[in-house]
Amino acid sequence: MSTFDTNGAGQDITVVHLMRHGEVHNPDGVLYGRLDGYHLSALGRQMADRVAEHLAGRDVTHVVASPLERAQETATPIAKAHGLDLGTDARLVEAENVFQGKTFGVGDGALRRPENWKHLVNPFRPSWGEPYVDQVVRMMGALDAAKEAARGHEAVLVSHQLPIWTVRSYVERRRLWHDPRKRQCTLASLTTFTYRGDRIVSVGYTEPAIDLVPAHLRAGAKPVRGQAPGQGKAFGA
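The sections below set out a description of the structure shown in this document. (Residues numbered from 1 in each chain as written. Predicted model: local features only at pLDDT ≥ 70, side-chain atom pairs only at ≥ 80, totals over all residues. Heavy atoms only, no water.)

### Quick word on the nonpolar core
Part 1: In terms of nonpolar packing, the biggest core is built from 25 residues, with L18, L143, L157 and F193 touching the most fellow members.
Part 2: Looking at this core, the elements that each hand over two or more residues are β2 (13-20), α3 (132-149), β5 (154-159), α4 (161-171), β6 (190-196) and β7 (199-206).
Part 3: If you tally residues by element for this core, the top one is α3, at seven residues.
Part 4: With sequence-adjacent residues up to four places away left out, F193 is seen in contact with T14, V15, V16, L18, L143, V167, R168, V171, I200, S202 and V203.
Part 5: One finds M47, A52, L55 and A209 within the second-largest nonpolar core, a separate group that totals 21 residues. (Core = buried A, V, L, I, M, F, W, Y, C linked by side-chain atoms within 4.5 Å. Buried < 20%, exposed > 50% of the residue type's maximum accessible area, 1.4 Å probe, protein only. Helix = DSSP H or I, 4+ residues; strand = E, 2+ residues; numbered from the N terminus. Contact = heavy atoms within 4.5 Å.)

Here you go:
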C-alpha cells in the first residue's frame, strides 16, 4: 500500500475501488479492445461473484462500470449485492489501440507484419494507441466523480487493466510508460484509493479472486505463444 500526506483530520473518508473485470471468453486470442460482443467466461462470472462476496460487508453506495460488456457483467453482482442500480461511465472504457481486432501473440500475429511496425516506435506515448496522459485525465475524472457520489462511503468502478494501472502509476508518482508484463492488476483485482476529503491519502491493492486466476494470467507470468493481450498480457484488457 502507498500512503501519502494525511493532513486534514476530521474530513470525510471516502474509498473508491477500481476493479478490473473478470476473465473474458476469447478462444481466438483476439485483442478485443473496445469491440462489442466480448463477454465474461464462466470462470469470469465466478470471479465477479467472488468479488461481490468479498465486498458484501462493505459500505458500498455507488457502483459504476465501463460501457463494455465484460465490465458491465463484472459489476452487476456487486451492485445487486448492495441493492444499487448499476451506472455507466464512458471514461472507464478500455484504452484505444490500433491493433484492436487482431491477434497479437508472442511469436505470431501482428508483430510479424512490417506494416504494423510503425505503430511500435514510441513506447513512451505510446504510438500504438491512446496516450497515457489522456488515460490519466479521464480516469481521474471518473475517480473524482465517484468520490463525490459516495462521499463518506465506498464506491466500486469496474474498468480495464491498462487504464487502471496508468492512473495508479500517476497517483503514485511513477513514470507512465512501463513493462506491460509487470502491471500489478490481475483479473478481478481491486486497486483501492482512499480519500480524506478531496485528497487521495493511500492506494491499496487486493486480489480477492486470485485462486481462480490461471497462473499464466497473473502478473509476472511468462508470455505464452499465441496468447493475446486481451488475455492478460502486453496491451491490457
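### Some thoughts on α4
Since the α-helix turns once every 3.6 residues, residues separated by three or four places project in the same direction.
Part 1: A large share of α4 lies buried, amounting to ten of its eleven residues.
Part 2: Taken residue by residue, α4 has Q161, L162, P163, I164, W165, T166, V167, R168, S169 and V171 as its buried positions.
Part 3: As for α4, its buried residues are in contact with β2, α3, β5, β6 and β7.
Part 4: Phi for R173, located one or two positions after α4, is positive at around 60°.

### Remarks on helix α1 (residues 42-55)
Part 1: Here α1 contains 14 residues, and its C-alpha end-to-end distance of 20 Å stays within 8% of the 20 Å for a straight helix at 1.5 Å per residue.
Part 2: Looking only at α1, the buried set comprises G44, M47, A48, V51, A52 and L55. For α1, the angular spread of buried residues about the axis comes to 135°, placing them on one side. (Expected span 1.5 Å × (residues − 1). Arc of directions from axis to C-beta.)

### Concerning the environment of E148
Part 1: Inspection of the secondary structure assignment puts E148 in helix α3.
Part 2: Between the C-alpha atoms of E148 and G197, which are 49 residues apart in sequence, the distance is 9.7 Å.

### Here's the deal with the packing of α1 against helix α2 (residues 69-81)
Part 1: Direction vectors running N to C along α1 and α2 enclose 35°, while the axes themselves pass 8 Å from each other. Crossing handedness for the pair α1 and α2: right-handed. Here A48, D49, V51, A52 and L55 of α1 lie close against α2, whose contacting residues are E73, T74, P77 and I78.
Part 2: Its residues assigned to classes, the contact of α1 with α2 shows six nonpolar, one polar and two charged. (Axes fitted to C-alpha atoms, helices over the stretch in contact; angles between N-to-C directions. Left-handed = near helix turned anticlockwise from the far one by under 90°. Nonpolar A, V, L, I, M, F, W, Y, C, P; charged D, E, K, R; others polar.)

### Re the pattern of salt bridges
Part 1: This model, assessed by the stated rule, comprises twelve salt bridges.
Part 2: Notably, a salt bridge pairs E154 with R58, separated by 3.1 Å at the nearest N-O pair. A residue pair is termed long-range when its members are at least 10 positions apart, and E154 in strand β5 and R58 in the loop between α1 and β3 (60-65) qualify at 96 residues.
Part 3: Residue E130 pairs with R138 through a salt bridge whose shortest N-O separation is 2.8 Å.
Part 4: According to the relative accessible area criterion, E130 is buried, its value standing at 9%.
Part 5: Three or more residues are tied together by salt bridges with common partners; here these are R34, E96, E130 and R138. (Salt bridge = Lys/Arg side-chain N within 4 Å of Asp/Glu carboxyl O.)

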